[in-house]
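Breakdown of the fold
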Amino acid sequence: MIALAGHESRSRAGRPRRADARRNYEQLLEQARIAFAEFGVDASLDEIARRAGVASGTLYRHFPTRLDLIEAVLAEQIAELVGHGRELLSVEDEFEALSTWLRAALTHALTYRGLAAAVMNSALDHGNGLVSTWHAEMFEVGAALLARARQSGVVVAVADEADVLKMVGAIAWAAQDTPDSSAQADRLLALLMNGLRYGGLPHQTGD
């Protein structure tokens, strides 16, 4: 697991040290991840505690507020996504490496869109840099994968990592409420990848 640089969320600052407390913490995170993916940002905290096999009071000791739990889940998921991207930098097929990571980023966006929005709203309200830190981590690994693909010649389109990640976010937004959201997201991502692979330079305007 690659820790997010500069991440100082309240939940992680109080991470337990005893073995049993750590197991409880990790179980709560795992069950919260599943519940948030299944039910969204308003998933029952009491149900998360029950699934983790602990009392509700244990959950609130580790995560005093719903936002603390949301931040911890997202931080862990984004760290995994960033770590996955860095591992893909050693994959021989540069285009497949980029495509694999963008597909993972799209799956994350579809699954945790409501959680990300909740954290972003809190960050805007309280002026913390949590969202900026996550964006920086994502952009760093996206830029590295894209640059590698471009240098090998398998990506020819004029687009930077911000363009590509914004398009992935737009695909998640467009597909999220459709009956076949995963299938539609896959089709739209395929269009994006074809554009990156075969798109030429923008047409020049006349003098």
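Right above here is the structure, for reference.
All values reported here derive from a predicted model rather than from experimental measurement.

What follows concerns the overall build of the protein. Looking only at helices and strands, the protein has nine helices and zero strands in total. Secondary structure elements of the protein, listed N to C terminal, follow the sequence α-α-α-α-α-α-α-α-α. Per-residue burial for the protein yields a buried fraction of 42% across its 207 residues. The contacts in the protein between residues at least 6 apart in sequence include a share of 70% that link residues at least 24 apart.

Once that is clear, we can look at empty space enclosed by the protein. Tallying each qualifying case throughout the model produces one cavity of 30 Å³ or more. A volume near 40 Å³ is recorded for the largest cavity. Together, Leu-98, Trp-101, Leu-102, Gly-142, Glu-161, Val-164 and Leu-165 line the largest cavity. Put simply, the parts of the chain that give the lining of the largest cavity at least two residues each are helix H6 (94-126) and helix H8 (161-175). Of the residues that constitute the lining of the largest cavity, the class distribution is five nonpolar, one polar and one charged.

So, about helix H5 (residues 66-88). Compared with an ideal rise of 1.5 Å per residue, which puts 23 residues at 33 Å, H5 spans 33 Å between its outermost C-alpha atoms and is within 8% of the ideal. Counted residue by residue, H5 has 18 buried out of 23 residues, so it is predominantly covered.

Glancing now at the packing of aromatic side chains. Tallying each qualifying case throughout the model produces one aromatic pair. Above the ring of Phe-95, the side-chain terminus of Arg-197 is found at 4.2 Å from the ring centroid.

Attention now goes to the side chain of Gln-77. Looking at where Gln-77 falls in the secondary structure, it is placed in helix H5. Setting aside residues up to four positions removed in sequence, Gln-77 forms contacts with Arg-33, His-108 and Tyr-112.

Among the residues of helix H3 (residues 45-52), those classed as buried are Leu-45, Ile-48, Ala-49 and Ala-52. Projection of H3 onto a plane perpendicular to its axis shows the buried side chains occupying an angular sector of 100°, all on one side. The inward-facing, buried residues of H3 abut helix H2 (19-39), helix H4 (56-62) and H5. With a side-chain oxygen lying 3.4 Å from the backbone nitrogen of Asp-46, the N-terminal cap of H3 falls on Ser-44.

Here we come to the packing of helix H7 (residues 130-151) against H8. For any two helices packed against each other, the geometry is given by the interaxial angle and the distance between the axes. Contact geometry for H7 and H8: axes closest at 9 Å, N-to-C directions at 110°. With respect to H8, the element H7 is oriented roughly perpendicular. Considering the relative orientation of H7 and H8, their crossing is right-handed. Judged by residue contacts, Met-138, Phe-139, Gly-142, Ala-143 and Leu-146 of H7 engage Glu-161, Ala-162, Val-164 and Leu-165 from H8. For the contact of H7 with H8, the residue count by class is seven nonpolar, one polar and one charged.

Reading the values: the criteria
Throughout, residues of each chain are indexed from 1 in the direction in which the sequence is written. Only residues with pLDDT of at least 70 get local features here, since the model is predicted, and only at 80 or more are side-chain atom pairs given and counted; chain-wide, interface and lining totals rely on the full set of residues. Excluding hydrogens and water, the side-chain figures rest on all heavy atoms present in the structure. For the purposes of this entry, the term helix denotes a DSSP run of H or I that reaches at least four residues, the term strand denotes a run of E that reaches at least two, and both are numbered from the N terminus. Partly exposed residues are those whose accessible area sits between 20% and 50% of the maximum for their type, while under 20% is buried and over 50% is exposed, using a 1.4 Å probe and protein chains only. Residue contacts are defined here by distance: any two heavy atoms, one from each residue, within 4.5 Å place the two residues in contact. The distinction between a cavity and a pocket rests on a 1 Å grid over the protein atoms alone: a 1.4 Å probe fits inside a cavity but cannot get out, while a pocket stays open yet meets protein on both sides within 12 Å along at least five of seven lines, and a residue with an atom within 4 Å of a point counts as lining. Grid points are joined across faces, edges and corners, and a volume is the space filled by probe spheres set on the points. All residues other than Ala, Val, Leu, Ile, Met, Phe, Trp, Tyr, Cys, Pro, Asp, Glu, Lys and Arg, Gly among them, are scored as polar; the first ten of these are nonpolar and the last four charged. By this rule the span expected of a helix is its residue count minus one, scaled by 1.5 Å. Note on ring pairs: Phe, Tyr and Trp rings are taken, using the six-membered ring of Trp, and paired if centres are within 6.5 Å. Classes follow the plane angle, with under 30 degrees stacked, over 60 edge-to-face and the rest tilted. Our definition puts a charge over a ring when NZ of Lys or CZ of Arg is within 6 Å of the ring centre and also within 35 degrees of the ring normal. It is the directions from the helix axis to the C-beta atoms that the arc portrays. In the analysis that follows, any N or O atom pair within 3.5 Å is treated as a polar contact, provided that within protein one partner can donate a hydrogen and the other can accept it, and provided that, for residues neighboring in sequence, both atoms belong to side chains. Angular values range over 0 to 180 degrees, each being the angle between N-to-C directions of two axes fitted as lines to C-alpha atoms, with helices fitted over their stretch in contact. Angular relationships are summarised with four words: roughly parallel below 35 degrees, roughly antiparallel beyond 145, roughly perpendicular across 65 to 115, and oblique for the angles in between. Less than a right angle of anticlockwise turn of the near helix away from the far helix marks a crossing as left-handed, whereas a clockwise turn marks it as right-handed.

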